[in-house]
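What follows is the residue order along each chain.
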Amino acid sequence: MLFRPLFRLQHRILRPYSIFQRPLLYRQPVRQITGKQFTEMFRKYGLIVIGTYATLSFTFFCGCFTSVLYFDISANDIARVFDNITTFLGFEKSEHGESTWFKYVIGHLPEWARTPRMIDIYTNVLLAMAMNELFVPLRIGLTAGIVPYVARYLRRPKLK
């Protein structure tokens, strides 16, 4: 009787299996969050979900903005990359140099906002926003994983 659990474990480890099916001992359960589970989580935790997601989003945006500033990316660099992409894809370059929408947007800005330094700041913020959107799946997963711990921390009894 004592060796019966050990025999079962050996049977699971040594049994033949195909490459497409791993034995139960090694198989990791994959937990996918469905829309129904997410709404249940939102009902259970309420505004903590929104606060956690907003905090993670702001943190990721600050990280993206810092990396854009650290690598010193300017509007000219981005324009050069987009020109390379358009020529690679076979689109024709514009003969005017600047696009008409860029002139339209800049034309509606006040004079102090049209300086080259302010345009570089706008470019950096827009690039950081675009980079931030790439991390949406990671932020949603982190939010789903962190919210129970944050809720437990916020709902604990306060010591006075």
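Just above, that's the structure.
Caption draft 1: Expanded view of the nonpolar core. Counting seven residues, the largest nonpolar core consists of Met-41, Tyr-45, Ile-48, Val-49, Ala-144, Val-147 and Ala-151. Listed by contribution, the elements that provide at least two residues to this core are α2 (35-45), α3 (47-70) and α7 (136-154). Residue contributions to this core peak at three residues, all from α7. Excluding its chain neighbours within four sequence positions, the residues that come into contact with Ala-151 are Tyr-45 and Ile-48.

Caption draft 2: Structural view of the pattern of salt bridges. Taken as a whole, this structure holds one salt bridge when the rule is applied. Among the salt bridges present, the one from Glu-111 reaches Arg-114, with a minimum N-O distance of 3.8 Å. Owing to a relative accessible area of 34%, Arg-114 belongs among the partly exposed residues under this scheme.

Caption draft 3: Main features of the packing of α3 against helix α6 (residues 116-134). The N-to-C vectors of α3 and α6 enclose an angle of 130°; their axes lie 8 Å apart at closest approach. The pairing of α3 with α6 is recorded here as oblique in orientation. Where α3 crosses over α6, the handedness of that crossing is right-handed. Listed contacts from α6 to Ser-57, Phe-60, Phe-61, Cys-64, Phe-65, Ser-67, Val-68 and Leu-69 of α3 are Asn-124, Val-125, Leu-127, Ala-128, Met-129, Met-131 and Asn-132.

Parameters and conventions
Residues numbered from 1 in each chain as written. Predicted model: local features only at pLDDT ≥ 70, side-chain atom pairs only at ≥ 80, totals over all residues. Heavy atoms only, no water. Core = buried A, V, L, I, M, F, W, Y, C linked by side-chain atoms within 4.5 Å. Buried < 20%, exposed > 50% of the residue type's maximum accessible area, 1.4 Å probe, protein only. Helix = DSSP H or I, 4+ residues; strand = E, 2+ residues; numbered from the N terminus. Contact = heavy atoms within 4.5 Å. Salt bridge = Lys/Arg side-chain N within 4 Å of Asp/Glu carboxyl O. Axes fitted to C-alpha atoms, helices over the stretch in contact; angles between N-to-C directions. Parallel < 35°, antiparallel > 145°, perpendicular 65-115°, else oblique. Left-handed = near helix turned anticlockwise from the far one by under 90°.

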